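For reference, the chains in residue letters:
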Amino acid sequence: MAADTFDLTYPDLKEIARNSIEYSFLPGQSLWRDHDYRHPQAACAASLNSDREAAGACTILLAASPKAQQQWQLERRFHRFEQAQQPALR
């Protein structure tokens, strides 16, 4: 409904979803450096946009931060959706 009413694109909707967690009152460190969705924390950068599970320092970050946990889950859902929609998004 929001996409139709306000002529929002998929990247717009994705940013709104990310902002809802980034600026929420969830405790803990963000998955993103300086609120920039192009720059994940170094600990999680390698496995963020892949099918790999979090490992090492990323696992520690996620365990310590409810905010980063929610952001990680959202990014995983984006990744799965985009993989399934690959032809439609090009």
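What you are looking at is a predicted structure, and each value in this text was computed from that prediction instead of being measured.

**Q** Please explain the overall build of the protein chain as it appears in this structure.
**A** The helix and strand tally for the protein chain stands at five helices and two strands. The helix and strand sequence of the protein chain, counted from the amino end, reads α-α-β-β-α-α-α. Dimensions of the protein chain, computed from C-alpha atoms along their principal axes, come out at roughly 40 × 30 × 15 Å. Residue burial in the protein chain is summarised as follows: out of 90 residues, 32% are buried. In the protein chain, 53% of the contacts between residues at least 6 apart in sequence involve partners at least 24 apart. Approximately 6000 Å² of the protein chain is accessible, and the part contributed by carbon and sulfur atoms is 56%. When the 10 basic and 11 acidic side-chain charges of the protein chain are each reduced to a single mean position, those positions are 7 Å apart.

**Q** Any chance you could explain the nonpolar core here in plain terms?
**A** In globular proteins that are soluble, nonpolar side chains generally tend to be buried together. Ranked by size, the top nonpolar core spans ten residues in total: Leu31, Trp32, Tyr37, Cys44, Leu48, Cys58, Leu61, Leu62, Ala68 and Trp72. Mapped by element, the contributors of at least two residues to this core are helix 3 (57-64) and helix 4 (66-84). The greatest single-element share of this core, amounting to three residues, is contributed by helix 3. Non-local contacts of Ala68, meaning those with residues more than four positions away in its chain, are made with Gln29, Ser30, Leu31, Leu61 and Leu62.

**Q** Before we go on, may I ask you to explain the packing of aromatic side chains in this structure?
**A** Any pair of aromatic rings gets described here by the distance separating the centres and the angle formed by the planes. In this structure the tally under the stated criterion is two aromatic pairs. Cation over ring: Lys14 sits above Phe78, and NZ or CZ is 5.1 Å from the ring centre.

The rules behind the values
Residues numbered from 1 in each chain as written. Predicted model: local features only at pLDDT ≥ 70, side-chain atom pairs only at ≥ 80, totals over all residues. Heavy atoms only, no water. Helix = DSSP H or I, 4+ residues; strand = E, 2+ residues; numbered from the N terminus. Buried < 20%, exposed > 50% of the residue type's maximum accessible area, 1.4 Å probe, protein only. Contact = heavy atoms within 4.5 Å. Areas by Shrake-Rupley, 256 points an atom, 1.4 Å probe, with all protein chains shown as cover. Lys, Arg positive; Asp, Glu negative; His and termini not counted. Charge placed at Lys NZ, Arg CZ, Asp CG, Glu CD. Core = buried A, V, L, I, M, F, W, Y, C linked by side-chain atoms within 4.5 Å. Phe/Tyr/Trp six-rings, centres within 6.5 Å; stacked < 30°, edge-to-face > 60°. Lys NZ or Arg CZ within 6 Å of the ring centre and 35° of its normal.

Coordinates in, geometry out; function isn't part of it.
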